[in-house]
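# Chains, contacts and geometry: an overview
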Amino acid sequence: AWANVPAGPPDPILGVTEKFKADQSPKKINLGVGAYRDGKGKPYVLPSVLKAEEILYKKMLDKEYLPITGLSDFTKAAAKLAYGENSKPLDENRLAITQSISGTGALRIGTAFLARFYPGAKAIYLPTPTWGNHIPIAKDSGLEVKQYKVKRYFDKETVGLDFEGMKADIKAAPEGSIILLHACAHNPTGIDPTEEQWKELSVLMKEKKHFSFFDMASPRFCAYQGFASGDIVKDAFAVRYFVEQGHQILLCQSFAKNLGLYGERVGAISFVCADKEEKARVDSQLKIIIRPLYSNPPIHGARLVHTILDTPELYKEWLVEVKGMADRIISMREKLYNKLVELKTPGEWGHIKSQIGMFSFTGLKPEQVDKLAEKSSIYLTRDGRISMAALNESNVEYFAESVSKAVKG
Ligand code: PLP
Ligand code: TYF
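Residues numbered from 1 in each chain as written. Chains lettered and ligands numbered in written order. Predicted model: local features only at pLDDT ≥ 70, side-chain atom pairs only at ≥ 80, totals over all residues.

## Description of the sheet that holds strand β3 (residues 123-128)
The test is simple: Paired strands, as defined in this entry, are two strands with at least two bridges between them according to DSSP. Numbering goes from the N terminus for both helices and strands, where a helix is a DSSP run of H or I of at least four residues and a strand is a run of E of at least two. Note on definitions: angles span 0 to 180 degrees between N-to-C directions of axes, and those axes are lines fitted to C-alpha atoms, for helices only across the stretch in contact.
On the basis of which strands lie adjacent, the open sheet formed by seven strands has the order β2-β8-β7-β6-β5-β3-β4 and mixed pairing. The open sheet has two free edges, formed respectively by β2 (95-101) and β4 (144-149), since each of these has just one partner strand. Taken over all neighbouring pairs, the strand axes of this sheet differ in orientation by 25° on average, direction set aside. The sheet contact formed by β3 and strand β5 (residues 178-182) spans two bridges and is parallel. Directly across from I124, in β5, lies its bridge partner I178.

Printed below as a string of structure tokens:
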């Protein structure tokens with residue numbers, strides 16, 4: 001029956017894992033997929049999650065279907081986490097929110113909603129580069145994909161954000177365009193606008209009457225005071241600032257990376273609406289989109305997140321655990337940088353230390369990436385992105401030595 005089905009290409013990110021698995025070398029390293037690993041290279045289940053599991057187990061809860069929009073205790077807690085305690089749209093009951101199948105599912109619902117109801121052009125502007133899956137998600141939902149630049153490739157002069165280019169492209173987009181913004185820890189570059197730059201972007205987006213579509217997929221994983229004191233305001237800065245400035249944003253949230261709940265597939269999507277009545281209409285259409293897609297979301301991950309966010313001791317513990325992940329990533333950034341410099345590796349490597357989040361955008365060229373796989377059994381995506389969390393005390397030197405060799409040619 002399927003003689004006419006052509007073979008498709010593997011996913012550029014998940015395909016890296018397939019190649020890694022096929023490699024027999026004991027030294028092999030998988031720097032492809034963005035999933036946190038502990039100091040021994042093993043997946044990390046957060047102790048706060050295990051405690052929440054215990055609490056839930058003891059409750060012997062049933063496994064009935066959730067409503068179409070998910071567990072309301074969870075969506076309330078998720079909204080509070082992103083928008084803050086005293087957010088007007090929450091106080092005024094004008095935030096439409098639904099649970100989603102992690103961040104990907106949130107993006108899929110959000111783009112489907114826009115394709116159906118956005119009053120302007122059915123196009124979405126994605127940053128270049130961006131998370132690869134953004135493109136097919138938007139297309140499958142029926143949006144046309146356009147681009148704005150956040151980084152000029154191979155331009156050694158501009159290791160950081162190409163803010164002027166970004167603004168110029170956003171300005172050039174027709175009035176009322178949909179612009180996707182990574183809320184923090186941009187994937188794959190690890191480069192975010194500064195708070196001042198976000199403020200400028202807010203003004204520009206308002207002038208152009210653009211629509212802000214925020215994707216908040218991962219924490220910054222950098223040790224700043226906020227997290228240590230039990231506050232996530234830095235991660236949420238852009239989202240909260242835009243909302244304060246009156247942007248009626250859409251926000252996709254994922255609990256995969258910040259709680260290590262990758263496989264639980266728990267996320268949320270929310271729409272800041274003009275008033276209660278508009279919220280009710282948006283809520284009704286979200287249900288109409290979700291019902292034929294998957295009917296209602298899975299229950300367990302949402303219960304875990306709700307238990308952690310709404311149990312003060314667990315919440316505090318979670319923040320400490322995120323800081324632990326952040327600190328380990330930062331120490332790997334430092335080790336990698338120092339070793340590359342020590343080995344006199346040609347090029348500037350300071351960006352490895354300044355980038356934010358789980359990834360580093362190394363600047364390695366596709367041929368160098370291929371060489372790393374062939375000669376050293378080291379696997380990463382061809383855009384030169386590495387998951388810093390896959391590095392540890394046992395492999396960071398080998399990685400640095402291999403990179404140094406690949407760069408020297
Ligand atoms: N958006 C971005 C920018 C991401 O990097 C990711 C995951 O890596 C996601 C969304 C979605 O991830 P998930 O569906 O696992 O929550
Ligand atoms: O590493 C990344 O950027 C992501 C990771 O269902 C990922 O692509 C893997 C599987 C998945 C969602 C995200």
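## Brief notes about the site of ligand 1
The test is simple: By convention here, the C-beta atom is placed from the backbone, and a residue is near a molecule or strand when that atom is within 6 Å of it. In this classification, Asp, Glu, Lys and Arg are treated as charged, Ala, Val, Leu, Ile, Met, Phe, Trp, Tyr, Cys and Pro as nonpolar, and every other residue, Gly included, as polar.
Taken together, 14 residues lie around ligand 1, and S102, G103, T104, A217 and S254 are the ones closest in. Broken down by element, the shell around ligand 1 gets its largest block of residues, three residues, from helix α5 (residues 102-117). Here the residues of the shell around ligand 1 are counted per class, giving four nonpolar, nine polar and one charged.

## Points about the site of ligand 2
Taken together, I13, V33, G34, T104, W131 and N187 make up all the residues around ligand 2. Split by residue class, the shell around ligand 2 holds three nonpolar, three polar and no charged.

## Describing the packing of helix α13 (residues 312-342) against helix α16 (residues 396-408)
So the rule is basically this: Here roughly perpendicular refers to angles of 65 to 115 degrees, roughly parallel to angles under 35, roughly antiparallel to angles over 145, and oblique to all remaining angles. When the near helix sits turned anticlockwise from the far one by under a right angle, the crossing is termed left-handed; a clockwise turn instead gives a right-handed crossing. Two residues qualify as being in contact provided that their C-beta atoms, derived from the backbone, are within 7 Å of each other.
Across the interface, α13 lies against α16 with an axial gap of 9 Å and an inter-helix angle of 40°. In terms of their interaxial angle, α13 and α16 are classed as oblique. Where α13 crosses over α16, the two elements pack in a sense that is right-handed. In contact with M332, K335, L336, K339 and L340 of α13, α16 contributes V396, E397, F399, A400, V403 and S404. Here the residues of the contact of α13 with α16 sort into seven nonpolar, one polar and three charged.

## Focus: the packing of helix α3 (residues 72-83) against helix α12 (residues 300-309)
Packed helices, taken two at a time, are described by their axes: the angle between them and the distance between them. It is the contact of α3 with α12, at a shortest axis distance of 9 Å, that shows an interaxial angle of 55°. With respect to each other, α3 and α12 are oriented oblique. Like other packed secondary-structure pairs, α3 and α12 cross with a definite hand, here left-handed. Contact residues: α3 offers D73, F74, A77, A78 and L81, while α12 offers A302, V305, H306 and L309. For the contact of α3 with α12, the residue count by class is seven nonpolar, one polar and one charged.

## Focus on unusual backbone geometry
In this chain, T128 is followed by P129 through a cis amide linkage whose omega measures -5°. By the element assignment, P129 lies in the loop between β3 and α6 (134-140). A positive phi is found at N93, a non-glycine position, where the angle reads about 50°. Position of N93 relative to the elements: it lies in the loop between α4 (88-91) and β2.

## Remarks on the domain arrangement of the protein
Condition: Domains are outlined according to an automatic or database domain assignment.
When cut into domains, the protein gives domain 1 (14-44 + 327-408) and domain 2 (65-310). Placing the centre of domain 1 and that of domain 2 at their C-alpha centroids yields a distance of 28 Å. In this complex, domain 1 contributes 18 residues to the contact, which on the side of domain 2 involves 18 residues. For the side of domain 1 that touches domain 2, the secondary structure elements donating two or more residues are α13 and β9 (359-361). In terms of residue class, the side of domain 1 that touches domain 2 is built from nine nonpolar, five polar and four charged.

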